[in-house]
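Survey of secondary and tertiary structure
Okay, here's what each chain looks like letter by letter:
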Amino acid sequence: MNKKGVIILGSSRNNGNTNKVVSFVKDKTGFDVIDLSLKNINPFDYNFRHKDDDFIPLMNKIVSNYNTIIFATPVYWYAMSATLKMFFDRITDCLIIEKEIGRKLRGKEMGMISCGSDSELKKGFKMPFVESANYLGMNYIGDVHTWIEDDCIPDSLKKELTIFSEKIID
Ligand SMILES: Cc1cc2nc3c(=O)[nH]c(=O)nc-3n(C[C@H](O)[C@H](O)[C@H](O)COP(=O)(O)O)c2cc1C
């Protein structure tokens, strides 16, 4: 099994705070990064009218090439970003019209990086990730909450991110 991982960045800006944290983890793990802001991914549609956008080819690439999938999201209004939520909603396509892709998610590992302005992450933020992993038959391998101070990752957080990085490459 190819153990290489991928970080899926769901920020509304590609050079922002979440990206700073993602770059740190990328350097520690060698994981690839996919920036959702550069993709054309439309909302879920019950008639699958968006099936020819970037989502299905992207998801196909992810399930074919990676064993570990780390979602990286800013905290926007106490929740994951709309960009990342749209990606999650579209996973529904893989349960209905692209079942082969959906089946390939089983047994893969999922983790999550959040980046807020506050060092506290409100209770419940992780639940959609943990439960989605359960539903999809993926193993949830953990998460780390981050924030940026004076445009930098605080030193104490760098230690935590290093531990997280070591855990996800295990
Ligand atoms: C629309 C919006 C909503 C936000 N809501 C929260 C929030 O609920 N909790 C929080 O800690 N920070 C919140 N923030 C701050 C961001 O999470 C924080 O600045 C983060 O580091 C931004 O990452 P980015 O540069 O990748 O967008 C919000 C920022 C924006 C733009």
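Residues numbered from 1 in each chain as written. Predicted model: local features only at pLDDT ≥ 70, side-chain atom pairs only at ≥ 80, totals over all residues. Heavy atoms only, no water.

Named according to an unreviewed UniProt entry, the chain is Flavodoxin family protein originating from Pseudofulvibacter geojedonensis.

The next point concerns the UniProt feature "domain: NADPH-dependent FMN reductase-like" (unreviewed entry) in the chain. According to UniProt, the "domain: NADPH-dependent FMN reductase-like" (unreviewed entry) feature falls on residues 6–143. End C-alpha to end C-alpha, residues 6–143 measures 14 Å, and it is 38% helix and 20% strand. (UniProt positions renumbered as here; feature names shortened; annotations may be inferred. Helix = DSSP H or I, 4+ residues; strand = E, 2+ residues; numbered from the N terminus.)

This brings us to helix α2 (residues 55–65). Of the residues making up α2, those classed as buried are Phe55, Ile56, Leu58, Met59, Ile62 and Val63. Projected down its long axis, α2 shows its buried positions confined to an angular sector of 160°, all on one face. Turning to α2, the residues buried within the fold contact β1 (5–9), β2 (32–35), β3 (68–74), α3 (82–90), α4 (93–96) and α5 (99–104). (Buried < 20%, exposed > 50% of the residue type's maximum accessible area, 1.4 Å probe, protein only. Arc of directions from axis to C-beta. Contact = heavy atoms within 4.5 Å.)

Taken together, 14 residues lie around the ligand, and Ser11, Arg13, Thr18, Val75 and Tyr76 are the ones closest in. One nitrogen or oxygen atom from the main chain of Asn17 is found 2.8 Å from an oxygen atom belonging to the ligand. For the ligand, an oxygen atom lies 2.6 Å from a polar atom in the backbone of Val75. Bound to the protein, the ligand loses 71% of the 630 Å² it would expose on its own. Its residues assigned to classes, the shell around the ligand shows 6 nonpolar, 6 polar and 2 charged. (Near = heavy atom within 4 Å. Polar contact = N/O pair within 3.5 Å; in protein donor to acceptor, adjacent residues only side chain to side chain. Areas by Shrake-Rupley, 256 points an atom, 1.4 Å probe, with all protein chains shown as cover. Nonpolar A, V, L, I, M, F, W, Y, C, P; charged D, E, K, R; others polar.)

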